[in-house]
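Observations on chain architecture
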Amino acid sequence: MTSAQPAIRVHGVSHQFGEAGEMRHVQALRDTSLDVARGELQCLIGPSGCGKSTLLSIMGGLIAPTTGAVTVADKPVRGPMPRDLAFVFQESALFPWNTVLENIDLGMTFQGVAKAERRDRAHRALEAVGLLDFAEYFPGQLSGGMRQRAALARALSLQTDILLMDEPFGALDEQTRMVLGEDLSVLLSRSRKTIVFVTHSLGEAVFLADRVAVFSARPGTIKQVITVDEPHPRKPSFMTAPKFHALRDQLYGLLHDEIRKAMSETAQLRRRYDQAGVADGDGERA
Amino acid sequence: MNGSGRITAQSRLWSRLVQIAFLAALLLLWFLATNVWGVSRILLPRPANVWDQLLNVLGSGAFIPDLRVTLGELVAAFAISMSLGVSLGYAISRSQYLIRVFEPLLAAIYAIPIILFLPLYVMSFGLGPNSKIALGATISFFPIVLSTIAGFGHVDRTLQTAARSMGASDLQMFRHVLLPAALPVVLAGLRMGFTVALLSVIASETIASFAGLGHRIVDLAENMDTARMFAYIVFVIAIVAFLNAVVSKLEGRARWR
């Protein structure tokens with residue numbers, strides 16, 4: 001946050017799926033602006049469907065926004081930028097027909113790393129996530145937590161300054177999730193990477209983030225940004241500190257109304273689809 | 001995993017034994033029917049006679065011309081349906097719109113017993129091998145094209161997105177993501193296509209033809225030479241079992257776990 005130039009700058013981004021007037025038209029994001037500072041971990045948190053994952057895909061150049069612009073390291077984002085940023089997805093996006101080591105190697109092949117260098121980098125990435133002994137395993141032979149470690153190793157091996165993580169621990173149980181969170185905090189304290197981390201979990205957000213961007217209900221925009229002033233690596237004891245609870249409560253207060261709003265809007269949307277399905281003529285009045 | 005491995009090996013041995021006992025019982029029944037209960041030899045020849053005929057067929061090399069015809073038809077039919085099925089299936093799989101249009105259409109046609117059109121094929125392509133090739137190619141085209149569409153058309157989006165985010169080129173996407181994802185499904189379709197090509201070639205030979213193993217079997221039946229006919233049937237079963245084993249082996253080798 002001390003550095004003047006942000007790692008990622010999101011400026012006035014709106015995004016909609018489908019055309020206005022279409023049945024499936026959804027306004028996912030509205031006029032969202034956000035800076036991610038170099039070396040910080042910023043969490044995006046918000047109710048389901050608020051567009052936080054969409055924003056992450058826009059940052060990474062996987063989706064082009066309807067309006068607005070994103071710059072990464074001062075370059076405008078127009079498509080995937082494999083040299084600048086790497087993704088970790090919720091479902092482990094490891095190739096199931098390749099071993100862990102082959103997965104990591106393949107990622108670097110796609111990125112264009114020379115063969116001589118790949119071996120060493122794969123080794124170091126596996127070491128960083130504690131999976132050296134499992135290099136020759138196939139993803140199907142690993143637990144969910146180990147698969148996400150492997151996915152993280154693949155992202156680390158790409159040696160990008162930025163990691164974009166889309167609910168990477170979302171499918172894991174609470175305990176595995178806590179351990180992986182601690183490890184990520186340790187990793188962060190060593191590498192000073194910039195990380196954008198989408199999550200549903202209030203505790204995870206407070207534990208990991210330097211700043212938490214809270215989204216409003218759909219069409220999402222950023223309601224408030226909260227700072228968590230606690231150095232990395234963070235210890236498990238942070239989770240029982242009064243500061244942790246105060247921040248968690250503050251987040252919950254901000255999110256509570258938005259979650260209610262999101263739920264009633266989803267119910268309305270469903271009703272609209274149902275009515276349109278039964279009688280087309282009534283669709284417009286509803 | 002190793003603990004249960006021993007149990008599976010043991011139960012596999014048991015099911016093998018039961019299978020062998022079942023076949024032995026069938027043979028015994030056959031023997032009793034012909035040698036003890038006196039079933040007509042024209043309807044059901046004695047096992048010993050069939051065995052003699054089989055040795056004669058194999059020893060004299062009498063099977064070679066018919067086998068050559070049938071295998072030639074099979075290879076030609078499968079080559080046509082494989083190249084057309086895989087290339088058309090891949091082309092269709094590239095567009096969600098084409099998948100929506102063609103997948104149900106092809107599946108519906110696949111459900112029709114195409115062998116009903118054999119008379120049409122004979123009128124167009126003659127009584128020789130060409131009508132068998134055309135029919136075999138048509139029938140085996142459908143499982144191949146459908147499995148190719150299924151294989152390439154439904155590759156996990158997350159894997160494709162991940163590859164794209166890491167900078168995969170179109171060629172790398174095909175070689176490292178689409179192909180390995182689709183291969184097991186496509187190979188299963190090819191195996192099925194091979195089996196139905198073989199079945200339809202032999203079946204159409206029995207209906208209208210000049211030569212081939214199917215033709216020979218019907219010819220022997222019409223001459224009431226049932227023992228030799230049974231010998232040919234045993235031979236065809238052995239050939240089919242062998243070819244299917246080879247194809248399954250090839251499929252198993254190309255497949256990731």
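Residues numbered from 1 in each chain as written. Chains lettered and ligands numbered in written order. Predicted model: local features only at pLDDT ≥ 70, side-chain atom pairs only at ≥ 80, totals over all residues.

1. Some thoughts on the nonpolar core
Note the threshold: Remark: nonpolar core denotes a set of buried Ala, Val, Leu, Ile, Met, Phe, Trp, Tyr and Cys residues whose joining runs through C-beta atoms within 7 Å. Residue burial here comes from a neighbour count, namely the number of other C-beta atoms, placed from the backbone, that lie within 10 Å of the residue's own C-beta, with 20 or more meaning buried, 12 or fewer meaning exposed, and in between meaning partly exposed. We count a stretch as a helix when DSSP gives it H or I for four or more residues in a row; a strand needs E for two or more, and each element gets its number in order from the N terminus. Two residues qualify as being in contact provided that their C-beta atoms, derived from the backbone, are within 7 Å of each other.
Of all hydrophobic cores here, the largest spans 127 residues; its most connected members are Met 59 and Val 196 of chain A. For this core, the element with the highest residue contribution is helix H8 (residues 170-207) of chain B, accounting for 14 residues. In this view, Val 196 of chain A contacts Ile 8, Val 36, Gln 42, Leu 44, Leu 56, Met 59, Leu 164 and Met 165 of chain A; residues no more than four positions away in its chain are not counted.

2. Things to note about the confidence of the model for chain B
As a reminder, the rule being used: Per-residue confidence from the predictor is reported as pLDDT, which spans 0 to 100.
For chain B, per-residue confidence averages 91 on the pLDDT scale, and 96% of positions sit at 70 or higher. The ipTM assigned to the predicted complex is 0.84, against a pTM of 0.80.

3. Side note on the packing of helix H2 (residues 100-111) of chain A against helix H3 (residues 115-128) of chain A
All names here are of chain A. As a reminder of what qualifies: The angle between two axes is taken between their N-to-C directions and runs from 0 to 180 degrees, where each axis is a line fitted to C-alpha atoms and a helix contributes only its stretch in contact. When describing relative orientation, an angle under 35 degrees is termed roughly parallel and one over 145 degrees roughly antiparallel, while 65 to 115 degrees is termed roughly perpendicular and anything else oblique. Note on convention: near helix rotated counterclockwise from far helix by under a right angle means a left-handed crossing. Clockwise means right-handed. Each residue is assigned to one of three groups, with Ala, Val, Leu, Ile, Met, Phe, Trp, Tyr, Cys and Pro labelled nonpolar, Asp, Glu, Lys and Arg labelled charged, and all others, Gly among them, labelled polar.
The contact between H2 and H3 brings their axes to 10 Å, and the two run at 125°. With respect to their mutual orientation, H2 and H3 come out oblique. Two packed elements cross with a definite hand, and for H2 against H3 that hand is right-handed. In contact with Leu 101, Ile 104, Asp 105 and Met 108 of H2, H3 contributes Arg 118, Arg 121, Ala 122 and Ala 125. Taken together, the residues of the contact of H2 with H3 sort by class into five nonpolar, no polar and three charged.

4. Looking at the interface of chain A and chain B
In this assembly, 17 residues from chain A lie in contact with 16 residues from chain B. Among the elements that make up the side of chain A that touches chain B, the one with the highest residue count is H2 of chain A (four residues). Of the residues contributing to the side of chain A that touches chain B, the split by class is 12 nonpolar, four polar and one charged.

5. So, unusual backbone geometry
All names here are of chain A. Pro 233 follows His 232 through a cis peptide bond whose omega is -5°. Here Pro 233 is to be found in the loop between strand S10 (222-227) and helix H7 (242-278). One non-glycine residue, Asp 31, lies in the positive phi region at around 35°. Within the element layout of this structure, Asp 31 appears in strand S2 (residues 26-36). Asp 31 sits in the partly exposed class, given 13 other C-beta atoms within 10 Å.

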